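# Structure assessment
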Amino acid sequence: MAKKLLIVESPAKAKTIEKYLGSDFSVKSSYGHIRDLEKGNDLGVDVNNHYLPNYVIPADKYKLVKDLKEAASKVEEVWLATDEDREGEAISWHLCQVLGLDERTTKRIVFREITKPAIQKAVTQPRTVDINLVNAQQARRVLDRLVGWELSGLLWKKVRGQLSAGRVQSVAVKIVVDREREIKQFNITPYFKVTADFLAPNAQGKTVTFRAESPTRFDDVAGAEAFLKNCLGAAYVVDKVEVKPTRRKPAPPFTTSTLQQEASRKLGFSVSRTMSVAQKLYEEGHITYMRTDSNNLSETAIQAMELEIVKQYGQKYHQARRFKTNKDNAQEAHEAIRPTYVENTLAGNGRDEQRLYELIWKRAMASQMADAELEKTTVDIAISAPSGSRPGTLVAEGEVLKFDGFLKVYLEGTDDDEEEAKGMLPPMKSGQKLDLDVMTALERYTRPPARYTEASLVKKLEELGIGRPSTYAPTISKIMELNRGYVTKESREGEERRFQILTLKNNAISKSEGKEITGTTKNVLYPSDMGMIVCDFLDQHFDKIMDYGFTADIERRFDDIADGKVDWTKMIDGFYRPFHETVEKTLKEADRVSGERILGTDPETGRTVLVRMSSLGKPVVQIGTGDELVEKEKPRYANLKSGTSLESVTLQEAIESFALPKTLGEFEGLEVSVNSGRYGPYIKFGEQFISLPKGADPYETTMDQALELISAKKESDRPVAHFEGQPVTKGKGRFGPFLKWTDLYVNVPKSVNFDLITEKQAIELIESKIEKEANRYIQHWPEEKISIENGRWGPYIKFGKTMVSLPKLEGGKMTADQCRTLELADVKAIIEKEMPGIFDKKAKPAKATGKASKAKKK
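Once that is clear, we can look at empty space enclosed by the protein. Over the atoms a probe the size of a water molecule is rolled, and this reveals where empty space is left. With the rule as written, the count across this model stands at 4 cavities of 30 Å³ or more. When its volume is computed, the second largest cavity comes out at roughly 50 Å³. Forming the walls of the second largest cavity are S164, A165, Q169, S170, V173, Y486, G531, V534, C535, L538 and M546. The element that contributes the greatest number of residues to the lining of the second largest cavity is helix α14 (residues 529-541), accounting for 4 residues. Across the lining of the second largest cavity, the residue classes tally to 7 nonpolar, 4 polar and no charged.

Let's shift gears to the sheet that holds strand β25 (residues 680-685). Judged by pairing direction, the sheet is antiparallel, and its 4 strands sit side by side in the order β23-β24-β25-β26 without closing on themselves. The strands lining the two open edges of the sheet, one partner per strand, are β23 (662-667) and β26 (688-691). Within the sheet, the average angular offset between the axes of one strand and its neighbour, ignoring direction, is 25 degrees. Summarising the sheet, β25 and β26 pair through 4 bridges and their orientation is antiparallel. Paired with F685 across the strands is Q688, a residue of β26. Those strands touched by helix α18 (residues 703-717) are β23, β24 (670-677), β25 and β26, and its axis lies near 60 degrees from that of β23.

With that settled, consider the packing of aromatic side chains. On inspection of all chains with the given rule, the structure shows 18 aromatic pairs. Ring geometry for Y317 against F403: centres 4.8 Å apart, planes inclined by 45 degrees, an arrangement best described as tilted. One end of the pair, Y317, is in the loop between α10 (299-313) and α11 (350-366); the other, F403, is in strand β13 (residues 393-403), and 86 residues separate them in sequence. Residue Y317 is classed as buried on the basis of its relative accessible area of 8%. Note on F403: relative accessible area 15%, which makes it buried. Considering the side-chain rings of F575 and F579, the 5.5 Å spacing of their centres and the 25 degrees angle between planes classify their relative orientation as stacked. You can see F575 and its partner F579 sitting in helix α16 (residues 568-589), 4 residues apart, about one turn around the helix. Overall, F575 belongs to the buried group, its relative accessible area being 6%. Feature note: the residues Y51, F542, F550, F575, Y576 and F579 constitute an aromatic cluster, connected by ring pairs.

This part is about the sheet that holds strand β8 (residues 107-108). Strand pairing in a sheet relies on backbone hydrogen bonds, with the paired strands running either antiparallel or parallel. With respect to topology, 4 strands assemble into an open sheet ordered β2-β1-β7-β8, the strand pairing being parallel. Of all strands in the sheet, those bounded by a partner on one side alone are β2 (25-29) and β8.

Side chains that differ in charge, positive against negative, can pair when their charged atoms come close. Applying the stated criterion across every chain yields a total of 57 salt bridges. Of the charged contacts in the structure, one is a salt bridge between R86 and D559, with a shortest N-O distance of 2.7 Å. Here D559 lies in helix α15 (residues 548-562) and R86 lies in helix α3 (residues 86-99), a separation of 473 residues in the sequence. Residue R86 shares its accessibility class with D559, and that shared class is buried. The shortest N-O distance in the salt bridge between D553 and R556 comes to 3.8 Å. Residue D553 and its partner R556 are both found in helix α15; the two are separated by 3 residues, about one turn of the helix. Exposure remark for D553: the relative accessible area of 25% places this residue in the partly exposed category.

All right, on to the environment of K505 then. By the element assignment, K505 lies in strand β16 (residues 495-505). Judged by relative accessible area, which is 36%, K505 ranks as partly exposed. Residues K505 and T207, spaced 298 residues apart in sequence, show a C-alpha to C-alpha distance of 18 Å. If we skip the residues at most four places from it in the chain, K505 touches D437 and V438. A distance of 2.9 Å separates polar atoms of two side chains, one belonging to K505 and the other to D437.

With 22 residues, α16 ought to run about 32 Å at 1.5 Å a step, and its terminal C-alpha atoms sit 32 Å apart, in line with that. At Y576, α16 is deflected by roughly 25 degrees, the largest bend along its length, and proline P578 occurs up to four residues later in sequence. As for α16, its buried residues are in contact with β5 (52-53), α5 (131-158), α14 and α15.

The next point concerns unusual backbone geometry. Of the consecutive residues L660 and P661, the connecting peptide bond is found in the cis state with omega at -5 degrees. Within the element layout of this structure, P661 appears in the loop between α17 (651-656) and β23. Its identity is not glycine, yet Y31 carries a phi of approximately 50 degrees, on the positive side. Structurally, the position occupied by Y31 is in the loop between β2 and β3 (36-37).

In the contact formed by helix α6 (residues 169-185) and helix α12 (residues 454-464), the axes pass within 11 Å of each other and the chain directions differ by 115 degrees. Between α6 and α12, the angle falls in the class roughly perpendicular. By crossing handedness, the relation of α6 to α12 is classed as right-handed. Facing A172, I175 and V176 of α6, the residues of α12 in contact are L457, K460, L461 and L464. Here the contact of α6 with α12 is composed, by residue class, of 6 nonpolar, no polar and 1 charged.

Tracing the backbone through its elements, the reader meets Q432 in the loop between β13 and β14 (433-445). By relative accessible area, which is 17% here, Q432 ends up buried.

The next subject is the confidence of the model for the protein. Put simply, the protein has an average pLDDT of 89, and 96% of its residues get 70 or more. Segment residues 842-858 is flagged for pLDDT under 50; beyond a separation of four residues in sequence, or across chains, it makes 26 contacts in the model.

The next thing to look at is the side chain of S270. You can see S270 is positioned in the loop between α8 (256-267) and α9 (271-283). Looking at S270, its side chain comes within polar contact range of the side chain of S272, at 3.4 Å. In this structure the side chain of S270 is engaged in a polar contact, spanning 3.2 Å, whose partner is the backbone nitrogen of R273. Among all residues touching S270, those that are not within four sequence positions of it are E454 and K489.

The α-helix advances 3.6 residues per turn, and as a result positions three or four apart in sequence lie on the same side. Counted at 1.5 Å a residue, the expected span for α11 with its 17 residues is 24 Å, and the 24 Å between its end C-alpha atoms agrees. Where the residues of α11 are buried, they touch α8, α9 and α10.

Here we come to the packing of helix α2 (residues 62-73) against α3. Packing of α2 against α3 brings their axes to within 11 Å, and their N-to-C directions diverge by 75 degrees. By the criterion of interaxial angle, the relationship of α2 to α3 is roughly perpendicular. Two secondary-structure elements touch here, α2 through V65, L68 and K69 and α3 through L95, V98 and L99. Residues that form the contact of α2 with α3 fall into these classes: 5 nonpolar, no polar and 1 charged.

The side chains of a regular strand alternate between the sheet's two faces. Across 13 bridges, the pairing between strand β11 (residues 235-248) and strand β12 (residues 372-384) is antiparallel. Residue pairing for β12: R247 is matched across the bridge by E373. Pairing geometry for β11 and β14, over 2 bridges, is antiparallel. Paired with V237 across the two strands is K433, which belongs to β14.

Conventions used here
Residues numbered from 1 in each chain as written. Predicted model: local features only at pLDDT ≥ 70, side-chain atom pairs only at ≥ 80, totals over all residues. Heavy atoms only, no water. 1 Å grid on protein atoms, 1.4 Å probe; cavity = no way out; pocket = protein on both sides within 12 Å on 5 of 7 lines; lining within 4 Å. Points joined across faces, edges and corners; volume = space filled by probe spheres on them. Helix = DSSP H or I, 4+ residues; strand = E, 2+ residues; numbered from the N terminus. Nonpolar A, V, L, I, M, F, W, Y, C, P; charged D, E, K, R; others polar. Pairing = 2+ DSSP bridges. Axes fitted to C-alpha atoms, helices over the stretch in contact; angles between N-to-C directions. Contact = heavy atoms within 4.5 Å. Phe/Tyr/Trp six-rings, centres within 6.5 Å; stacked < 30°, edge-to-face > 60°. Buried < 20%, exposed > 50% of the residue type's maximum accessible area, 1.4 Å probe, protein only. Salt bridge = Lys/Arg side-chain N within 4 Å of Asp/Glu carboxyl O. Polar contact = N/O pair within 3.5 Å; in protein donor to acceptor, adjacent residues only side chain to side chain. Expected span 1.5 Å × (residues − 1). Bend = angle between axes of the 7 residues up to and from the residue. Parallel < 35°, antiparallel > 145°, perpendicular 65-115°, else oblique. Left-handed = near helix turned anticlockwise from the far one by under 90°. pLDDT = per-residue confidence, 0-100.

Structure follows, in structure tokens:
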């Protein structure tokens, strides 16, 4: 029997580590944190008692804690092996508190990779819990709770319910909002770019074409045309040829943020997807710890990479490098992300893991390879007009790769989609005459800064010093949560734009016009109207909190706490007292905000047209205000057109919003209309509602398009099977494809081909769902919308859509048999305690139905 218990935070990690330890150890998982600040109606922090946190064990961790206590009681010694960052240190400390372990003597081991040598070495070098790291994590958690709690409560009263704010998340939203406004305010101006294609013999004597460009940009068509006219009949002579050797160095191995950025560019992964996949690779022992802001590599890793590079590519491809982290506050780990065994070029389960591992392997290996050697050639071409004047100079640039070096393995991506690769130029010498093939003056336009992607937002946060490797992904996920709707990730179609083309060929100038699509975006971040309103409100009243520099300074103070330089409660007190005073002042003095903006007057009624945020958090157009309306008359409302915002919508666009609902015609004796509602645009056919396809514009929808959707809906509603004499239909909803039988909805798993589902498959899914539902209820009062149900961690009460925990008895949690003895009044009393005043209205008595009665009914 094992004498020692080792606790880690993930079951996958436990499984891997257990293989490397002897029979002396048993390994268990804490499944992340086992305690957290109390939630619900309590702040969870005693601000009048040195900010004492009120930690509680969540209900879903009761059984786990009980099992860990039992396991700890059966061994001589408990060891802790949670992650090395501050979150991991805090988990170890909480385990000490809950399991009754002495944090000053309990052995704690750390490692940056889950390999046999690393684990065995860690066991020989145990330490104790670093309370400074724990305090840094506590400070962040407590400060974020205080700020989030008070700002969110303020937003509920001054903007709208269900909103939230936070110390880092609100600043992240501000970055996205500021960029959107920068784009909207950007003045797009045209200019002309002149290029010339010349003919010259290459090294083999074959005539080839190469391109040169004028370094001068022309502001208007007149300037560009004048330049081309001066080139009529001109001679072109090579003025100067400069050949310069250059070198390209590889990028350092990945940190958390650079991995997120490159996985986004090369693999199309979101930030959360990258971290989820990287976590699995780490727990399976394939890569080092994935939350780090360090570029360093261990000497062992550098030596292993040297052997592999020499073996695969030869000695000349190897160049040892020791990268230094530029940031003083790098603290999440002490090594970059790299493969644990560099000889494994492939690793991971599933396509995502394999692709991310390959990216990590290539980047790490390239960092220890030789520079790429290139030869850059720049040719200045003089223009001599017939008049003897010199209209200007053209410049041609070329590049030749002499030695690929690290490029043999890896080339770092870039966010600049305009970067052009330079080709190879034919050999040229000073004084050489060149033949012009064609010269073009192309109208181009200045471009506003690009919208942020998830990855480029992480890069910006890192540049500003806001957040740390462990916080980037949660921050991005938080601001994009649907119920808050501050930021959305969208791909939008561009619009057509015309541009002018001037061409000089065969000593004659011609003019033409081209077309292009501009403004197309793919998976970029857009702030919502609500995000902008909340951002402006916080900026107005809490400018310090929303200041980038101040937020970065708070991060540095956390670093000082981790280094033992600052008492965490004093740091919190210095921030919280003035912050709380500002909250109280804003609560008293600030007006409720709705983002209201008056656009003008409705030409039809002469009434005021304005836009604002509705009480449901939707941007709406309103015609008519209080004084303009007669008694009991209400203003007219319409949803804002898709693609417009409260800040940018024009009077004309606002009035056009009232074109909905629009009657398209009649079909089978029923009216067909198009409208936009809470869940998006739709076709209404009689009493039936049919959603428009994603991206479809309801204002442009025709009768023919509506009939196609009605026909498709009829086809999809045709029964795919019959069960117990009732039809089974299929459909697609917010959560994917489903089957519907009477009032029962059944999700269709990915393993079943939804389009080709058979009657047998449909019936099997329905029978499985019925069986599951029969085992779901312990007691059920449908009329009251109350039930006691079986859950993963034991029975619980469900009231409407709210889950309510059952009270604990002396022996622990209530069993199913004990729940069956509860009367409706008992259950209501439990709900009332959790949700005071919820049953103030009179309710009709209801008869309980349990598992037995439900089965009998069937």
